[in-house]
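Below are the chains, spelled out letter by letter.
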Amino acid sequence: MQPLIDNARAFGQRPEEFTGLAAGQSPAVLFITCSDSRVVPALITGARPGELFELRTAGNIVPPYASGTPTGEAATIEYAVEVLGVGDVVVCGHSHCGAVGALVRGDDLSAVPAVRDWLAHAADEPRSSDPADPAVAEAVQNHVLTQLLRLRSYPCVEKRLAEGRLRLHGWYYEVGTGAVREHRPDTDAFEAL
Ligand SMILES: [Zn+2]
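Read on for an overview of the structure. (Residues numbered from 1 in each chain as written. Predicted model: local features only at pLDDT ≥ 70, side-chain atom pairs only at ≥ 80, totals over all residues. Heavy atoms only, no water.)

Taken together, C34 (SG), H94 (NE2) and C97 (SG) make up the protein donors of the zinc ion, found 2.0 to 2.3 Å from the metal. All donors of the zinc ion come from a single chain, and their spacing in sequence reads C-x59-H-x2-C. Separated by 60 residues along the polypeptide, C34 in strand β1 (residues 29-34) and H94 in strand β3 (residues 88-94) bring together distant segments of the chain. (Donors = N, O, S within 2.8 Å, 3.2 Å for Na, K, Ca; no water. Helix = DSSP H or I, 4+ residues; strand = E, 2+ residues; numbered from the N terminus.)

As C-alpha cells, this is what we get:
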C-alpha cells in the first residue's frame, strides 16, 4: 500500500495539469469492464482524465434491466448516456477472468456468497467449447456479446440506438499480451483492432 500512498502524495503536487477538469466532464465513451486489477482502461486506450466514463463490475456484467429496482450499474449507464451523452459504449472482457471462469467451470462459490449470488442473478453461463482453457477466451467473448444484448434492453440505450446516436462495441483484452480484439458484426468474430 505504501508505494501507492507515496505516488498519490506526489500526484497532487501538479495541480496545473488538472485545473481544467474542475469545469466539468464530457467523456465520449462509456467503458464497461471487469474489476480485475490487470485491466487498466486508461493504459489500454491512452485515455486522459475526462475521456473515459467507467463502469467496473465483477465479470464486466451488465445486469438485466429491472425498472423500479435501483442498481449502481443502471444508474451509471443512464447517467453516461442521458446526461453525458456518450456516443460509444465499450464492453471489454478479458482473458483469465475469474468470474467467467467460475461460471464455465461451475466452481463452488459458497465461501463467497455475494459473488455467487451476483453471478447467479446477473450472468448467464457463457457458452464454451473448451471449458479447460485457462484463458476462457471463447467463453469471455460470448459473455461480452451477452452483455451487449443486455445493454440494448436498457431504455436509454435502446432510445439512443434507435436515434442513431450511440454505437456499441465488444472488446476482448488478453492480459498476458496486452492485445485487444474487437467483435466484428460482419464476421461475428473477435478480430484484431
Ligand atoms: Zn474479470
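Let us keep going from here.
Moving on, we come to the nonpolar core. Ranked by internal contacts, the top residues of the largest apolar core, which has 41 residues, are L30, I32, I77, V86, V89, L151 and V157. Among the elements that take part in this core, helix α6 (residues 137-152) stands out by supplying six residues, more than any other. Setting aside residues no more than four positions away along its own chain, V157 makes contact with I77, V81, L151, R152, L166 and L168. Core analysis: the second largest hydrophobic core is formed by 10 residues, F31, V39, V90 and W171 among them. (Core = buried A, V, L, I, M, F, W, Y, C linked by side-chain atoms within 4.5 Å. Buried < 20%, exposed > 50% of the residue type's maximum accessible area, 1.4 Å probe, protein only. Contact = heavy atoms within 4.5 Å.)

The backbone of N60 sits at a positive phi, close to 40°, despite the residue not being glycine. Considering the arrangement of structural elements, one finds N60 in the loop between β2 (52-57) and α3 (72-83). By relative accessible area, N60 is classed as buried at 0%.

Before going further, it helps to spend a moment on the side chain of Q141. Looking at the element boundaries, Q141 is found in helix α6. Residue classification places Q141 among the buried positions, given a relative accessible area of 15%. Those residues in contact with Q141 that lie beyond four places of it in its chain are Y172, R181 and F190.

Now for the pairing of β3. Burial runs high along β3: seven of the seven residues are buried. Alternating residues of β3 divide into D88, V90, C92 and H94 and V89, V91 and G93, and every residue in both groups is buried. In this structure, β1 lies alongside β3, joined through five bridges in parallel fashion. Across the sheet, L30 pairs through a bridge with V89, a residue of β3. The pairing of β3 with strand β4 (residues 167-173) spans seven bridges and is parallel. If you follow V90 over to β4, its bridge partner there is H169. (Pairing = 2+ DSSP bridges.)

What follows is about the packing of α3 against helix α7 (residues 155-162). Between α3 and α7, the least distance of the axes is 9 Å, while the angle of their chain directions is 30°. Considering the angle they form, α3 stands roughly parallel to α7. When the axes of α3 and α7 are compared, the crossing they make is left-handed. Between α3 and α7, the residues in contact are I77, E78, V81 and E82 and C156, V157, K159 and R160, respectively. (Axes fitted to C-alpha atoms, helices over the stretch in contact; angles between N-to-C directions. Parallel < 35°, antiparallel > 145°, perpendicular 65-115°, else oblique. Left-handed = near helix turned anticlockwise from the far one by under 90°.)

As a further point, take the environment of G87. Relative to the elements of secondary structure, G87 occurs in the loop between α3 and β3. For G87, a relative accessible area of 16% gives the class buried. The sequence separation of G87 and R56 amounts to 31 residues, and the corresponding C-alpha distance is 19 Å. If near-sequence neighbours (up to four positions away) are discounted, G87 is found in contact with A28, R165, L166 and R167.

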